[in-house]
Amino acid sequence: MATKSIYEQGLPHDEIMYREHFQRGNDFCKIELFRSAREEFNAALHYKPGDEASKKMASDCNAQIQHDAKKVYVIVPIVLAIIVAVIIFI
């Protein structure tokens, strides 16, 4: 037996929109697009303002974005130093 889509379940519009945004947020997380995921979880919060799952997922995305930024701040100067060293010594 096929599962009904969220559109066929007779859910209220706000619930449908919440589920769409939350699922999209999860999909973005799977492919590590954390900024887009955070925006989708925040959009889901628009439809269910007190939803703890959306708040937690948005918070997790923020933490991952900060972690990724720290990696960039460490790696970029190292790469630049290597490039400068190669240019100077060639």
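Look up: the structure comes first, before these words.
Reading guide: rules and limits
Residues numbered from 1 in each chain as written. Predicted model: local features only at pLDDT ≥ 70, side-chain atom pairs only at ≥ 80, totals over all residues. Heavy atoms only, no water. Phe/Tyr/Trp six-rings, centres within 6.5 Å; stacked < 30°, edge-to-face > 60°. Lys NZ or Arg CZ within 6 Å of the ring centre and 35° of its normal. Helix = DSSP H or I, 4+ residues; strand = E, 2+ residues; numbered from the N terminus. Contact = heavy atoms within 4.5 Å. Polar contact = N/O pair within 3.5 Å; in protein donor to acceptor, adjacent residues only side chain to side chain.

1. Quick word on the packing of aromatic side chains
- Evaluation of the coordinates by the stated rule reveals two aromatic pairs.
- Among the aromatic side chains, those forming a connected cluster through ring pairs are Y18, F22 and F41.
- Against the face of Y18 rests K48, its NZ or CZ located 4.3 Å from the ring centre.

2. Some words on the side chain of D51
- With respect to the element layout, D51 can be found in the loop between α2 (34-47) and α3 (52-89).
- Contact partners of D51, with chain neighbours within four places excluded, come to Y18 and L45.

3. Side note on the side chain of R38
- Note on placement: R38 falls in helix α2.
- A polar atom in the side chain of R38 sits 2.8 Å from the side chain of N62.
- If we skip the residues at most four places from it in the chain, R38 touches A58, C61, N62 and I65.

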